[in-house]
Structure formats: C-alpha cells, structure tokens
Amino acid sequence: MCGIIGVVGSTDTLATLLQGLQRLEYRGYDSAGVALVRAGHTWRARTAEGTESVAALRRECADAPEGYRSGIGHTRWATHGAPEAENAHPHLDCSGHVAIIHNGIIENHTELREELRERGHVFTSVTDTEVVAHLVEELRASGFDLLDAVRHALARVRGAFAIAVMDATEPDVIVAARRISPLVVGTSPGVTYVASDVPAILGRSTAFYAVNDDEIVRLGPEGFRAVDLEGAPVRLRQLQIDWDLETAEKGGFDDFMSKEIAEQPAAVRATLLDRRHRDGAIVFDELRISDQELLDVQRVVLVACGTSLHAAHVAKYAIERWSRLSVEVDIASEYRYRDPIVEIGTLVIGVSQSGETIDTIQAIREAQRRGARVVAISNIVDSSLAREADAVIYTRAGLEVSVASTKAFVAQVAALELLALRLAQLRKTLTPEEIERYVAGLNEVPDHVATVLDRRDDVDAVARQLLDARDYFFIGRHVGYPTALEGALKLKEITYLHAEGYAAGELKHGPLALIEPGVIVVAVTTDPLMHEKILSNVAEVKARGATVIAVATDEDGRIDAVADFVLRVPASDPMFSPMIDIVPLQLLAYSLARGLGRNVDRPRNLAKTVTVE
Ligand code: F6R
C-alpha cells in the first residue's frame with residue numbers, strides 16, 4: 001500500500017529518493033516524506049497534500065542541505081492515523097537519530113506504545129509505525145548495532161511490515177526487513193538501494209534481489225548482507241528484471257490508464273505467446289506442476305480481489321465448460337475466514353496482477369495449510385504470490401501503473417482460459433480439433449481488441465452526451481455478467497459515479513425498482529445464445545425510462561431498434577468476448593472520468609497494491 005525507498009552511498013541521494021517516490025505514488029499517496037541521514041544529523045521533510053504530496057515534498061526539499069549520501073523516503077496510504085504531516089513517514093525516535101519508514105500494519109502497536117510510554121518515550125504521531133523507532137532506540141541504547149537492534153525489535157512486533165531504518169549514530173547503513181509486505185534490494189557500484197517495488201529503483205540499480213519473510217538486510221555503500229530473525233546469514237535470491245525505464249513511463253499518452261488500455265492487444269498476445277509444444281500440448285514453461293498433478297485435480301477454487309476476481313469469474317465458465325471440473329470462485333478476503341473445505345484433488349488458483357495483494361496471499365496460505373495445491377496467476381515475476389504458490393503462470397501484461405486495472409484483466413482471462421484448455425486437453429473433455437479451434441480463437445483476440453480500440457471515438461461521442469448522468473447499471477448474462485461487474489468497477493473507481501454490475505436475470509429480483517428516467521443501463525449483449533433473453537432485459541429497463549447503451553457485435557441487426565447507443569465489437573466465441581467487450585467499457589469509464597475532470601491514474605481513496613487486510 002505504502003511505497004518505500006532507501007539509498008546508501010549515493011552522490012545524489014535526494015534526487016534518487018524523490019524520483020523513486022514519484023514512481024511509487026501509485027501505491028499510496030495521501031502523504032510523503034524523506035529523511036536524509038549523516039553522522040549525528042537527520043534532516044527530515046514531510047507533506048500531506050493527497051495526490052500532490054510528492055510534488056509538495058519536492059518543493060519542501062528545495063532547501064535541503066547537501067552532503068547526505070544516504071536516506072529513506074516514503075509515500076503513505078493512511079491506515080493508523082489520519083493522512084496528516086505528523087503521521088507521514090519517516091518517523092523518528094525520541095533522540096531524533098533513528099528514522100524509520102514502514103509499509104504494512106503493526107498489529108500489537110497499542111500495547112507496545114503503552115509499554116514504551118511507561119518507560120518515558122514521547123510519541124509524536126498516532127501511527128503504528130512509530131513504536132518500532134522507539135523499540136530500536138532502546139535496543140541501540142543497550143549496545144546493539146543497528147542490525148541487531150532491528151532484529152530484536154522485530155521479535156516484539158506482530159503484523160505485516162516492510163521497513164527501512166537508519167540511525168545517525170551509525171550512518172551510511174540502512175537496515176531493512178520484511179514480513180508479508182514486499183521488499184527488494186538493489187545494487188550498483190558503490191550504491192545500495194531498498195524499495196517496496198522495482199520501478200522505484202529501476203534505471204539506477206543494476207541488480208535486484210528479493211527479500212523473503214522474516215529476513216533482515218544490512219545495506220552499506222559496499223553492498224548488503226542478510227540474516228534471519230535468529231541472526232543466521234541468509235542469501236537473497238537475485239531477480240531477473242528485464243524492464244527498462246521506458247516501460248514505466250507514459251510513452252506519449254496523457255496518462256498511464258490510456259496507455260495501458262492501448263497496450264491490451266500486446267498484453268494478450270504476449271500472454272499467449274509460446275504456449276504450444278510441437279506436439280500440440282499447451283505448455284506453461286514456468287508452471288512447476290506436473291501433468292499428472294493436473295490430471296488429479298477434482299475441483300478448482302479461484303481466489304482473487306477486485307478486477308482479478310472478475311477475471312476469475314470468467315475462468316469459472318471456461319474451466320467448467322471445457323474441462324467439466326466443478327469450479328468455485330471466492331473473494332480472497334472471505335475465503336480464509338469461512339473454514340473452507342479442501343478435499344484431496346482441490347486445486348486453488350490465486351489470481352493477482354501485483355502478486356502482492358495481502359488478501360489473496362493469505363487465502364492461498366490458508367489453502368496450502370489445508371493441503372491444497374496452489375497455482376498463482378501473477379503479472380509480476382517473483383512476486384510474493386508467485387513465490388509462495390506451488391506453481392505459477394505469468395501474465396505478461398507488463399508493468400501496470402494506473403490504479404484502475406485494465407491490461408492485467410485481459411491478460412488474466414487469456415492465461416486462465418489457456419489453463420482451462422490445458423485441463424481439457426489432459427482430461428480429454430475436448431477433442432484435439434476443438435482445442436485447435438479454441439486456441440485459434442484465443443489468438444484472434446488481440447486483433448479484435450485492436451479493432452475496438454480503433455473505435456474509441458464512438459465511445460467518446462457517447463460519453464460526451466452522458467456527462468450529467470449519475471447512476472449506472474451494468475448487466476450481462478453468462479460471461480457477460482463478469483464483464484458487467486468489471487465495467488461497473490471501472491466506472492465507479494475512476495468517475496466516482498454510482499455504478500453496479502448485475503447478472504441481467506437478477507434485475508427483476510430487486511434492482512429494477514431503481515430504474516427510472518436518468519438512469520443509464522449498459523447491457524453486454526454479445527452472446528448469441530443469450531441474445532433473446534438480454535434483449536428482454538433491455539426492454540424491461542427501457543419501459544421504465546432508462547437510457548440504454550448496448551455493447552453489441554458487428555453482426556447484430558436488432559440492437560439499434562432497442563438501445564439508445566450501441567458500441568460495436570467484433571464477434572468471437574462467447575468465451576473470449578470478455579476480453580473484447582470490456583474494452584468499450586474501459587474506454588467509456590475513461591472518457592467520462594476525463595470529461596468530469598477526474599485524475600484517472602490516481603483515483604481518490606484507492607491504492608494500486610493493497611497490502612493490508
Ligand atoms: C481495480 C483494481 C483492483 C485490483 C485488486 C486486486 O481496477 O485495480 O480492484 O484488481 O486490488 O489487485 P491484484 O490483482 O494486484 O491482486
């Protein structure tokens with residue numbers, strides 16, 4: 001949720017921190033801060049100006065003193081304590097020498113705070129984080145070096161954290177540690193970095209290393225060494241990072257969201273690339289699970305959040321239809337608390353763009369604890385989810401910066417449908433000819449998506465006429481239903497308008513009462529088998545005064561007579577249609593949000609990666 005960055009041994013410490021923070025803004029952005037540390041001195045600046053916090057911090061730092069070779073920086077998404085400057089990180093101990101940044105939640109902070117207060121510590125924020133600064137302060141005072149002080153402090157702490165700690169009495173050292181929240185270390189000659197995620201130090205660091213849970217790293221200009229909670233040395237695994245800086249930039253688009261919407265054909269293409277063996281078998285090179293294990297699967301459970309959950313809903317239809325396995329989809333944050341049943345042969349699939357969403361990680365941990373085999377679908381190589389699962393399939397959508405997920409969704413559906421076809425291939429529930437036909441159909445999706453992208457002017461024209469609308473219902477049937485859910489999510493998160501997604505058949509069981517003139521109903525009508533039924537639903541809402549936007553195929557000759565606006569898409573097998581039909585809905589949300597003056601990349605109250613429960 002929060003973003004962290006640290007550097008030791010740099011000749012442009014402040015510039016490194018500020019650039020890193022700018023790239024981390026999408027993780028959380030209600031406040032920001034830096035601390036520069038040298039022998040005996042800590043200089044700190046913090047701002048709390050919402051999405052402008054990093055820009056404000058840059059101004060604040062204009063007068064920063066020079067000569068600091070090391071420092072830490074943080075973008076905060078408030079959990080404990082209001083988004084105000086005194087709660088912004090870095091936090092200091094009583095002496096002002098120890099500075100700490102933190103992503104995560106210290107669950108036992110209240111009892112630790114009381115205990116520390118009783119011993120005379122003075123707190124200057126209401127955050128959970130500050131307790132760690134004071135714990136380290138005490139341990140330093142009793143003679144531990146910074147590494148051991150942090151190690152012993154963490155033994156007292158419950159919860160999730162990625163932290164970086166400095167002490168002006170032991171300058172040019174950062175001690176960083178991780179439990180649950182992500183953390184990477186980077187190196188270049190004479191300079192060492194730590195960050196919550198790679199983009200923050202991309203282009204500066206030449207080698208990247210993953211920190212695992214309960215590992216503590218001491219960084220100095222000459223490099224780093226890592227230990228576990230007992231102090232025993234551990235080796236950090238080097239990561240293969242093949243992004244260049246350009247992938248993190250907007251590439252000529254106004255914002256990341258429009259860039260990422262435009263990248264969808266490439267995202268699907270890359271995800272499908274190189275997945276066939278010469279003998280026709282569908283293969284996933286990175287999948288560390290044998291064919292026999294896949295054949296042993298009796299039941300599939302998909303767990304995910306938000307947009308990834310909607311991709312999982314699409315996968316349910318595909319896996320059930322093609323492989324005849326029973327599939328359940330669960331909201332990750334619900335799964336682990338409902339005493340889930342894991343029988344022999346249960347395959348759990350955790351779907352997450354970031355691979356760092358804590359709800360999804362905790363759900364797969366619960367599944368593993370109960371004996372399930374777990375496959376991760378992740379967009380980030382070596383993400384926590386990917387590392388913890390028994391097997392992984394990577395979507396290859398590339399870095400997604402915009403908070404609203406777009407290209408990750410289509411890539412997830414593509415990867416999950418390929419997996420569904422692999423299961424069907426192994427179980428022989430589809431003939432080789434049918435597999436061939438479906439794989440060919442999947443491979444046509446990128447071109448269909450590109451066709452829809454070429455029609456963005458049609459969507460803009462509709463959006464311009466709807467800028468006064470305030471209520472939207474998205475409806476669909478079969479896989480049109482998860483498409484409707486995802487269309488509604490996109491609209492609400494970036495326009496802040498009321499939007500709900502419904503299975504069209506459910507409308508008359510309650511929501512129809514809300515339909516009246518002024519309400520917009522967006523109907524996904526592309527499935528030929530469901531066409532009659534969805535047209536009836538459209539008629540029901542039209543009769544009650546709604547304005548209807550239909551997503552319809554190029555071949556649909558009946559839709560113009562019933563809908564007020566029609567957004568055309570190329571026809572495909574219905575199973576592939578979510579990847580195509582979602583595109584006009586993303587564009588509609590985008591166009592309305594821009595028309596309403598919203599910040600599409602950084603919608604209020606949201607963070608790109610949700611690393612707290
Ligand atoms: C919506 C959105 C979120 C994420 C959700 C899961 O546009 O971005 O709903 O889909 O937070 O994130 P990941 O896929 O990283 O687990």
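Note that the coordinates shown come from a computational prediction; the quantities given were computed from them, not determined experimentally.

Colleague: Would you mind going over the layout of surface pockets with me for this structure?
Modeller: Take a probe with the size of a water molecule and roll it over the atoms, and the empty space left behind shows itself. For the second largest pocket, the calculated volume is near 560 Å³. As for the second largest pocket, its lining consists of 29 residues, and the residues nearest its centre are Cys305, Gly306, Thr307, Lys608 and Val610. Elements with a minimum of two residues in the lining of the second largest pocket: α9 (306-323), β18 (346-352), α11 (358-369) and α16 (480-495). Tallying contributions element by element places α9 first for the lining of the second largest pocket, with four residues.

Colleague: I keep staring at the nonpolar core and nothing clicks. Help me out?
Modeller: Ranked by internal contacts, the top residues of the largest apolar core, which has 90 residues, are Leu302, Ile319, Trp322, Ile349 and Tyr472. Top element by residues in this core is helix α13 (residues 407-427). It accounts for 13 residues. Residue assignment places this core across two domains, with domain 2 (253-449) and domain 3 (456-595) each supplying three or more. Leave out the neighbours within four places in its chain, and Trp322 touches Glu417, Ala420, Leu421, Ala424, Thr429, Leu430, Tyr438, Met575 and Phe576. Formed by 28 residues, the second largest nonpolar core is a distinct cluster that contains Val191, Tyr193, Val198 and Phe208.

Colleague: When you look at unusual backbone geometry in this model, what are you seeing that I'm missing?
Modeller: Excluding glycine, residues mostly carry a negative phi; peptide bonds, for their part, are mostly trans. Cis geometry is adopted by the peptide bond preceding Pro90, which originates at His89 and carries an omega value of 0°. One can find Pro90 in the loop between β4 (70-76) and β5 (91-92). The phi dihedral of Asp172 is positive, around 55°, even though this residue is not glycine. Structurally, Asp172 is set in the loop between β7 (159-167) and β8 (174-179). Assessed through its relative accessible area of 27%, Asp172 is described here as partly exposed. In the Ramachandran plot, Asn605 falls in the positive-phi region, its phi being about 70° despite a non-glycine side chain. Inspection of the secondary structure assignment puts Asn605 in the segment after α18 (577-595). Relative accessible area serves as the criterion here: at 63%, Asn605 is assigned to the exposed category.

About the thresholds
Residues numbered from 1 in each chain as written. Predicted model: local features only at pLDDT ≥ 70, side-chain atom pairs only at ≥ 80, totals over all residues. Heavy atoms only, no water. 1 Å grid on protein atoms, 1.4 Å probe; cavity = no way out; pocket = protein on both sides within 12 Å on 5 of 7 lines; lining within 4 Å. Points joined across faces, edges and corners; volume = space filled by probe spheres on them. Helix = DSSP H or I, 4+ residues; strand = E, 2+ residues; numbered from the N terminus. Core = buried A, V, L, I, M, F, W, Y, C linked by side-chain atoms within 4.5 Å. Buried < 20%, exposed > 50% of the residue type's maximum accessible area, 1.4 Å probe, protein only. Domains from an automatic or database assignment. Contact = heavy atoms within 4.5 Å.

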